[in-house]
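This is what each chain is made of:
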Amino acid sequence: MKNIDLNNLVKNLIVLYSAIFMVVNTNITGNLSFLDLGLFFTTVFYTITYKSIKIKFRTFKVMIVLNAFLFFAIIPMLWTGNKVQSILYYGQVVFAFNIIPLFIDRLIQINAYEKFLKRIHQTIYVVAILFIIFAVLHFKYGEGSWLFFGLKGNHRLAWGDGFVGNDLTQFMVLGFLLNEHFIKSKKKRGWLSIFIFLVFLLTLSRTMLLVGVIYFFLRYTKQAILFGSLIFSISIIIFSLNISYQSESRIDRLLDFKSSATKKGGRLSTYTHVIENVADFIFQPVYGQSDNLKGDLRTNSVHKMSSVHNILLSVLVNFGLFPFLFLYITILAVLMKIIYNRKFYNFNTFFIFLLLIFIVISLNAFMLSRALWMPIFIILSFLDKQRQDSKIKIIQ
């Protein structure tokens, strides 16, 4: 009888558990999700097992920057009204910014990170297929829910607890990246990326449409047949989505970029409203609580909490001016250093995914969910790996 390697079994179960609940993001209670348990257990278990709290130097530097941001973000809390809820909001960010880098670092040190990525890749496709089944059932039989799928506002299809179409853009970009990582044939990964894109488009997210088209335009325009097939497929799915819901059709909702940007409460007007009232957030940010808004902003505001569809402006609203400036200057300094040094062996691919991340950040609100931060941290770890591989190639 073959002996079972218990350590390897535990490692495989942890990797599978974390990958599944990262993609489906099912909550246990409140804001506590099954993924949170996986992140915490993995980090603590392998720290105890290996009797070491040693982390990679690059992980340490990332955590220093993130915790410096958190330090600046907690200072304005002295002037907030609802301190209890503000602390709970802030605490979720503290947890995410520390547990995710430590979790990834642990997996790398126990040589399980590559397997974790492979399980995420597989889970995305399994969920995508199930999502198509749910979409067919929804279109045929009307409103309803199934497994972890459901409807989110205006009959938009989505999955997981708290995920809406825009939130899922991170997972689409991660799916593109994992296709490039695991699938060597450019033609095959191109078709699979089209499949992922069309499935995610069922969320009716304009952010998803914009990011997907930009990705394919930058990666596949030289392959006219594949790119033409993409455009044809988009046309087919858009017309298939042209089923009336509420007062507008799905095709109108998906393609109405102008209205979503400029109408009252739209993104551009929201950004303008935030900038006009920037003085109110210098020492009294919102911390996700409308109770912390002052005067007219409390009753007549279009930028309460997560409705600011821009992570940088969300930082300004929820954490104050100084954390915003710190984050902005840090990102700018890192980008300038990266572009100036060009330390990546595949700089063009790196730049495409950097651009996609920037678009996601520009059009999404600040995210509390650890599941939504995970794809961004994973993409950044890929960029770091490219730079390390570049150094190895130079040495050789």
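Before any of the text, the structure's been laid out above.
Residues numbered from 1 in each chain as written. Predicted model: local features only at pLDDT ≥ 70, side-chain atom pairs only at ≥ 80, totals over all residues. Heavy atoms only, no water.

Enquirer: Help me get a handle on the overall build of the protein chain, residues and values and all.
Expert: Assigned secondary structure in the protein chain consists of 17 helices and 6 strands. Relative to its 396 residues, the protein chain shows a buried fraction of 49%. Carbon together with sulfur atoms contributes 66% to the accessible area of the protein chain, which is approximately 19,600 Å² in total. (Helix = DSSP H or I, 4+ residues; strand = E, 2+ residues; numbered from the N terminus. Buried < 20%, exposed > 50% of the residue type's maximum accessible area, 1.4 Å probe, protein only. Areas by Shrake-Rupley, 256 points an atom, 1.4 Å probe, with all protein chains shown as cover.)

Enquirer: Tell me about the packing of aromatic side chains, residues and numbers included.
Expert: Applying the stated criterion across every chain yields a total of 28 aromatic pairs. Where Phe 71 meets Phe 72, the ring centres are 5.8 Å apart and the plane angle is 65 degrees; that geometry is what we call edge-to-face. Pairing Tyr 125 with Phe 195 gives two aromatic rings, centres 6.1 Å apart and planes at 5 degrees, and the pair type is stacked. Of this pair, Tyr 125 sits in helix α5 (residues 113-141) while Phe 195 sits in helix α7 (residues 186-200); the two residues are 70 residues apart in sequence, bridging distant segments of the chain. The rings of Phe 69, Tyr 89, Phe 97, Tyr 287, Phe 319, Trp 373 and Phe 377 are connected pair by pair, giving a single aromatic cluster. (Phe/Tyr/Trp six-rings, centres within 6.5 Å; stacked < 30°, edge-to-face > 60°.)

Enquirer: Can you break down the nonpolar core residue by residue, with the values?
Expert: Ranked by internal contacts, the top residues of the largest apolar core, which has 98 residues, are Phe 116, Ile 120, Phe 319 and Ile 378. Considering each element in turn, this core owes the most residues, 11 residues, to α5. If we ignore the near neighbours within four places in the chain, the residues touching Phe 116 are Val 15, Ser 18, Ala 19, Met 22, Phe 103, Leu 107, Met 374 and Ile 378. (Core = buried A, V, L, I, M, F, W, Y, C linked by side-chain atoms within 4.5 Å. Contact = heavy atoms within 4.5 Å.)

Enquirer: Account for the environment of Phe 200, naming residues and giving values.
Expert: Of note, Phe 200 is situated in helix α7. With 28 residues separating them along the chain, Phe 200 and Met 172 place their C-alpha atoms 6.9 Å apart.

Enquirer: Provide a residue-level description of helix α2 (residues 34-49), including the pertinent values.
Expert: Helix length check: α2 (16 residues) gives 22 Å between terminal C-alpha atoms against 22 Å at 1.5 Å per residue, within 8%. Among all positions of α2, only Leu 35, Asp 36, Gly 38, Leu 39, Thr 42, Thr 43 and Tyr 46 are buried. (Expected span 1.5 Å × (residues − 1).)

Enquirer: An account of the pattern of salt bridges is requested, with residue identities and associated values reported.
Expert: Throughout the structure, instances matching the rule amount to 3 salt bridges. A salt bridge links Arg 370 to Asp 36; the nearest nitrogen and oxygen atoms lie 2.8 Å apart. Taken together, the positions of Arg 370 in helix α17 (residues 370-395) and Asp 36 in helix α2 put the pair 334 residues apart, joining distant regions of the chain. We note that Arg 370, like Asp 36, is buried. A salt bridge links Arg 219 to Glu 180, with the shortest nitrogen-to-oxygen separation between them at 3.0 Å. (Salt bridge = Lys/Arg side-chain N within 4 Å of Asp/Glu carboxyl O.)

Enquirer: Outline helix α14 (residues 311-319), supporting the account with residue identities and numerical values.
Expert: Taking burial as the measure, the 9 residues of α14 include 9 buried ones, the bulk of the element. All of the buried residues along α14 are Ile 311, Leu 312, Leu 313, Ser 314, Val 315, Leu 316, Val 317, Asn 318 and Phe 319. By the N-cap criterion, in which a side-chain oxygen at the helix start approaches the backbone nitrogen of a residue two or three places on, α14 is capped by Asn 310, the distance to Leu 312 being 3.0 Å. Looking one or two places after α14, you find Gly 320, whose phi comes out positive at around 105 degrees. (Polar contact = N/O pair within 3.5 Å; in protein donor to acceptor, adjacent residues only side chain to side chain.)

Enquirer: Kindly report on the packing of α2 against helix α4 (residues 83-109), identifying the contributing residues and their values.
Expert: Relative orientation of the contacting elements α2 and α4 amounts to 55 degrees, with a least axis distance of 9 Å. Put simply, α2 runs oblique to α4. α4 is crossed by α2, and the crossing has left-handed handedness. Between α2, through Asp 36, Gly 38, Leu 39, Phe 40, Thr 42, Thr 43, Tyr 46 and Thr 47, and α4, the contact on the second element is made entirely by Phe 95, Ile 99, Ile 100, Leu 102, Phe 103, Arg 106 and Leu 107. Class assignment for the residues of the contact of α2 with α4 results in 9 nonpolar, 4 polar and 2 charged. (Axes fitted to C-alpha atoms, helices over the stretch in contact; angles between N-to-C directions. Parallel < 35°, antiparallel > 145°, perpendicular 65-115°, else oblique. Left-handed = near helix turned anticlockwise from the far one by under 90°. Nonpolar A, V, L, I, M, F, W, Y, C, P; charged D, E, K, R; others polar.)

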